[in-house]
Amino acid sequence: MFAKNLKKPIFTGSKIIDEDNNPLQIILVDDSNNDHSIAPVNLDRRPIRLDIVALHGDFPSGDKWSSDEFDRNIVKERDGKRPLLAGEVTLTMRNGVGTIGDIEFTDNSSWIRSRKFKIGVRVAKGSSDQGVAVCEAMTEAFNVRDHRGELYKKHHPPMLEDDVWRLEKIGKDGAFHKKLSAENINTVQDFLKLSVVDLDRLRQILGQGMSDKMWDVTYKHARECTLGNKLYIHRGPNILLTLNPICEVMEAAINGQVFSNEEALNQLNIKKLARQAYSKWDFLEVIERKTNEVPLLTQGHTMDQQYGANHYHTIEINKSYQQNGYALERSPNNLEMINEGYITTTPMEFGVCFNVTGSSSQSHMNPFENPHLR
């Protein structure tokens, strides 16, 4: 069986991987056990040679099939074309586990009867099966699209640096794309930053051609964006704002008073400062958040709601960073200016370390529950 489902969509010429972005893995399991164990089975520690093939997407018609039926449903390349599957089409399974290092389709699936392929695995002819019947494996059915389609596909989730037309309802070189480009809104990050500081302006740029329903789809898609590890620092006389990559205020320190993310939402003066930060974005200093956790910002959720109110605004600033600016030191009740320069640290319980740098603009599925994955 295949250990996990495939990552889709699948394009010609692109490496096929599993849903966790890892190479495809095949495991040998014993389906005679009543507990339906999916632990790999090792047949006397002897390696088994396997063939990787393309199958018709509508095979099989039932839950069971014979090896002859499996072989008859292998799809070969069209006349004059390259072999349909390219790459590692044979492999050796050891200790009940085999990994497909690199495999890809060279042709789309639009020309076969089901319009879909499956990837199948069988014991290679002449390879010892230790006197045990080994049933073939196959994936779920899927479409294979021409690689040129990948050039225009939407990303889920989008990345901050993605072109803005990667968002739903914004077509490459279409009307909305041209309107945004004219206002220097070129990336998903540009789109989200303006949505935070001036949502009405963003809607005005897109114009009446984008209906409320379309806007909801586009905005929801944008808010699924992977935010990454950076925070941005905006400083001025007696102020320090910490912003996330889309210009949302995570913490503000003004005249010694500290405002959390939620508190900042209701402060008009902080909103004004955020707009100032937005206008000077290319000159902000950047804090690199070093952590294994990459946050996703989903629609209607602030960073505080996702990670707890203290995840960001328990930031302490306790030493001087030798650079123009202000150093701050947190006392139990306030944040005091002590001298120029700053460096930030966070409580060790979060496993987070900050560095100050210059800114740049910038199922596993059980085959016995799903017979199609046998």
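Within each chain, residue numbers correspond to sequence positions counted from 1 in written order. Whole-chain, interface and lining totals are the exception, using all residues; otherwise, since this is a predicted model, local features are given only for residues with pLDDT of at least 70 and side-chain atom pairs are given and counted only at 80 or more. The basis for the side-chain values is all heavy atoms of the structure; hydrogens and waters are excluded.

Caption draft 1: Quick look at helix H2 (residues 175–182). Every buried residue belonging to H2 is among Phe176, His177 and Leu180, and all of these are buried. Relative to the axis of H2, the buried residues are bounded by an arc of 100 degrees and lie together on one face. Turned more than 90 degrees from where H2 packs its buried face, Ala175, Lys178 and Ala182 sit exposed. Contacts are assigned to residue pairs that have any heavy atoms within 4.5 Å of one another. Comment: elements are numbered from the N terminus, with helices defined as DSSP H or I runs of at least four residues and strands as E runs of at least two. Looking at the packing, one finds that the buried side of H2 touches helix H3 (188–197), helix H4 (199–206) and helix H5 (212–222). Asn184, located one to two residues past H2, shows a positive phi value of around 65 degrees. Only protein chains enter the calculation, and the probe is 1.4 Å; a residue is then buried if its accessible area is under 20% of its type maximum, exposed if over 50%, and partly exposed in between. Directions from the helix axis toward the C-beta atoms define the arc.

Caption draft 2: Local environment of unusual backbone geometry. Between Lys8 and Pro9 the backbone carries a cis peptide bond, its omega angle lying at 5 degrees. Looking at where Pro9 falls in the secondary structure, it is placed in the segment before strand E1 (10–11). Residues Phe59 and Pro60 are joined by a peptide bond in cis, for which omega reads -5 degrees. Despite not being glycine, Asn255 has its phi angle at roughly 50 degrees, a positive value. Within the fold, Asn255 resides in the loop between strand E13 (249–254) and strand E14 (257–260). For Asn255, a relative accessible area of 60% puts it in the exposed group.

Caption draft 3: Spotlight on the nonpolar core. Here, nonpolar core means buried Ala, Val, Leu, Ile, Met, Phe, Trp, Tyr and Cys residues that are tied together by side-chain atoms lying within 4.5 Å of each other. In this structure, Ile170, Leu180, Phe191, Leu243 and Val249 are the most contacted members of the largest nonpolar core, which totals 40 residues. Those elements that place two or more of their residues in this core are H2, H3, H4, H5, strand E12 (239–243), E13 and helix H7 (268–279). Per-element tally for this core: the top contributor is H3, with five residues. The residues contacting Phe191, other than those within four sequence positions of it, are Val164, Leu167, Ile170, Leu180, Ile185, Leu202, Leu206, Trp215, Thr218, Tyr219 and Ala222. In this structure, Leu28, Ile48, Ile52 and Leu85 belong to the second largest nonpolar core, which totals 27 residues.

Caption draft 4: Inspection of the packing of H3 against H5 at higher detail. Fitted lines through C-alpha atoms give the axes, limited to the stretch in contact for helices. The angle between two N-to-C directions lies from 0 to 180 degrees. At a minimum axis distance of 10 Å, the contact between H3 and H5 shows a crossing angle of 110 degrees. The angle between the axes of H3 and H5 places the two elements in the roughly perpendicular class. Contacts between H3 and H5 pair Phe191, Leu192 and Ser195 from the former with Trp215, Thr218, Tyr219 and Ala222 from the latter. In terms of residue class, the contact of H3 with H5 is made up of five nonpolar, two polar and no charged. Each angle gets one of four labels, with under 35 degrees taken as roughly parallel, over 145 as roughly antiparallel, 65 to 115 as roughly perpendicular, and the rest as oblique. Note that Gly is not counted as nonpolar here; it falls among the polar residues with everything else outside the nonpolar set of Ala, Val, Leu, Ile, Met, Phe, Trp, Tyr, Cys and Pro and the charged set of Asp, Glu, Lys and Arg.

Caption draft 5: Inspection of the sheet that holds strand E3 (residues 48–56) at higher detail. When DSSP locates at least two bridges between a pair of strands, those strands are taken to pair. Pairing within the open sheet is antiparallel, and its four strands lie in the order E5-E3-E8-E9. Only two strands of the sheet have a single neighbouring strand rather than two, namely strand E5 (90–93) and strand E9 (137–138). Two strands pair when backbone bridges link them, and strand E8 (residues 117–123) and E9 are joined in this way by two bridges, in the antiparallel orientation. Residue pairing in the sheet places Val121 in a bridge with Ala137 of E9.

Caption draft 6: Geometry of the environment of Ser127. Tracing the chain through its elements places Ser127 in the loop between E8 and E9. Taking the relative accessible area as the measure of exposure, Ser127 reaches 15% and is therefore buried. With near-sequence residues (within four places) excluded, Ser127 lies in contact with Ile48 and Arg49.

Caption draft 7: Expanded view of the packing of H2 against H4. Between H2 and H4, whose axes approach to 8 Å, the crossing angle comes to 130 degrees. Of the possible angle classes, the one that applies to H2 and H4 is oblique. Side by side, H2 and H4 meet where Phe176, Lys179 and Leu180 of the first sit next to Leu202, Ile205 and Leu206 of the second. Taken together, the residues that form the contact of H2 with H4 break down as five nonpolar, no polar and one charged.

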